Amino acid sequence: MLTAGIITEYNPFHNGHRYQIEQTRSELDCSHIISVMSGNFLQRGLPAVCNKFMRAEMAVASGVDAVFELPVVYATASARDFAYAGVDLLNKLNTVDYLVFGAECDDLSLLESVAEILIDEPASFSACLKNNLAEGMSYPSARADAIKSCCPAGADLLKEPNNILAVEYLSALKKTHSSIKPYIIKRTSAGYNSEDITGSICSASAIRHLLQETCMAHISEPDALFKTFYQVLPTASADLLKTDYLHTYPIFEDHLTSILQYCLIMQNDAPDTVDMTEELYNKLKKTKLLQSYAAIAESLKSKDLTQTRINRALLHFILDIRKNTMSMYKESGWNHYGHILALNRSGSDVIRQIKRNSDLPVFTKPADGIRFLSDTGRLLFEQDIKATRLYNTAVYAAYKTELPDDFTARLPVRS
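To keep things clear, this report deals only with the structure shown in the data block. Computed from a predicted model, the values in this text were never measured in an experiment.

**Notes on the packing of aromatic side chains**
Argument step 1. Applying the stated criterion across every chain, the model contains 13 aromatic pairs.
Argument step 2. Ring geometry for Tyr10 and Phe13: centres 4.8 Å apart, planes at 65°, overall edge-to-face. In terms of burial, Tyr10 and Phe13 fall into one category: buried.
Argument step 3. Ring plane angle 85° and centroid distance 5.8 Å describe the contact between Phe41 and Tyr391, whose orientation is recorded as edge-to-face. Placement of the pair is Phe41 in the loop between strand E2 (32–38) and helix H2 (52–60) and Tyr391 in helix H19 (residues 375–399), with a sequence separation of 350 residues.
Argument step 4. The buried category is assigned to Phe41, whose relative accessible area is 1%.
Argument step 5. The aromatic ring of Tyr98 is capped on one face by Lys181, whose charged end is 5.4 Å from the ring centroid.

Quick look at the structure:
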């Protein structure tokens, strides 16, 4: 049995994701593929366009054998913590042979050279990074520029989002002394942030952009949208999205507006929130309250903070993800369980092997699995539970649909 792991968001699952799965099976001749997927909130600091169980079902309907949830505190974290947590979870399942990821650059040795710099931080790199930050550059820009001092060939590498994650995956594999081998499948389709839809493969950003435009136009039966679904998504994904359109999705950041406004009204002191600085919070308190979530986030833009960092700070604020608890989770071993969101019947062998070999409690039913968690594991999982319930309130406010929570959801199983 040869098993590959993929750390992903599937927001939503499209033909590019299916291509990655097909290439993984053909190029590595692996028998099973498992995914570690973000839940209802994502690394860019925004809600997923549709709920985690739907996205997990899309994946197992198109070739993934099992989808594990990446805990929300890591799914919404910086690229470094997102990647480290995903690798840590795959390591602890003790079943995965390869970590497969897409990148704009498929030069593994170059990516590994940059990863080594970020791990060891040579003096020239550290000095350049410190100077760049002192000049007011955002951390991602300052770091990318500092790479030039040690690796000129990698100067532009960290300008591409998938390259950034690729480097962080390689760093995490090295830091954890992992036996999992990295494998790159070069991205050949539209760029990560491209909003163009011209063929059968486009970016998830383009699909979300089209959804948002269609919703803003108040089109209740969008034939053109559904036609595009079947062009750029696997049939199973398109079917799910067509059936549930304006019933359980789409969800965007503005659906969280009232929740953010409530938190701002009730919170008097600067919170110990992950990604929130004192300066950012003071600026947030002075922001006009009666405007949309996106407008509030836009009003906080500054030279030294990226919009993604601001989005994450706001999301952590409403999810109540604190710096001290985040540190506790990391210091106590990062992952404490494996929560399966969806299964493919053909993957029963790999699930049995995972349950035999895993260092973590692995469960599909939280009511059963939570009994085996440590105190820290329970606290970590409770954050997932709260995040799901908060997401569900946004869905109800938008569409008057009651989504099941982690305890009442039906486990999607596809053949």
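**Points about empty space enclosed by the protein**
Argument step 1. Evaluated as defined, the whole model comprises one cavity of 30 Å³ or more.
Argument step 2. One number sums up the size of the largest cavity: a volume of about 30 Å³.
Argument step 3. Considering the residues around the largest cavity, the lining is formed by Gly39, Asn40, Phe41, Lys52, Glu69, Val72, Asp384, Ala387 and Thr388.
Argument step 4. The dominant element in the lining of the largest cavity, judged by the number of residues it contributes, is H19, at three residues.
Argument step 5. Tallied by class, residues from the lining of the largest cavity come to three nonpolar, three polar and three charged.

**Concerning helix H17 (residues 348–357)**
Argument step 1. Burial in H17 covers these residues: Val350, Ile351, Gln353 and Ile354. Buried residues of H17, viewed axially, fall in a sector of 160°; they line one side. For H17, the exposed residues set more than 90 degrees away from the buried face come down to Lys355 and Arg356.
Argument step 2. The elements touched by buried residues of H17 are strand E1 (3–8), E2, strand E3 (66–70), helix H4 (79–93), strand E6 (338–344) and strand E7 (362–363).

**What to know about a nonpolar patch on the surface**
Argument step 1. On the surface, Tyr262, Ile265 and Met266 cluster together to form a nonpolar patch covering roughly 360 Å² of accessible area.
Argument step 2. Secondary-structure assignment places Ile265 in helix H12 (residues 257–266).

**A few points about the packing of H2 against helix H11 (residues 235–244)**
Argument step 1. Where H2 meets H11, the closest approach of the two axes is 9 Å, and the angle between their N-to-C directions is 150°. In terms of orientation, H2 and H11 fall into the roughly antiparallel class. Contacts between H2 and H11 involve Met54, Glu57 and Met58 on the former and, on the latter, Ser237, Leu240, Leu241 and Asp244.
Argument step 2. The class makeup of the residues in the contact of H2 with H11 is four nonpolar, one polar and two charged.

What counts and what doesn't
- Residues numbered from 1 in each chain as written.
- Predicted model: local features only at pLDDT ≥ 70, side-chain atom pairs only at ≥ 80, totals over all residues.
- Heavy atoms only, no water.
- Phe/Tyr/Trp six-rings, centres within 6.5 Å; stacked < 30°, edge-to-face > 60°.
- Buried < 20%, exposed > 50% of the residue type's maximum accessible area, 1.4 Å probe, protein only.
- Helix = DSSP H or I, 4+ residues; strand = E, 2+ residues; numbered from the N terminus.
- Lys NZ or Arg CZ within 6 Å of the ring centre and 35° of its normal.
- 1 Å grid on protein atoms, 1.4 Å probe; cavity = no way out; pocket = protein on both sides within 12 Å on 5 of 7 lines; lining within 4 Å.
- Points joined across faces, edges and corners; volume = space filled by probe spheres on them.
- Nonpolar A, V, L, I, M, F, W, Y, C, P; charged D, E, K, R; others polar.
- Arc of directions from axis to C-beta.
- Contact = heavy atoms within 4.5 Å.
- Patch = residues over 30% accessible without salt bridge, like charges linked within 9 Å, V, L, I, M, F, W, Y side chains within 5 Å.
- Areas by Shrake-Rupley, 256 points an atom, 1.4 Å probe, with all protein chains shown as cover.
- Salt bridge = Lys/Arg side-chain N within 4 Å of Asp/Glu carboxyl O.
- Axes fitted to C-alpha atoms, helices over the stretch in contact; angles between N-to-C directions.
- Parallel < 35°, antiparallel > 145°, perpendicular 65-115°, else oblique.

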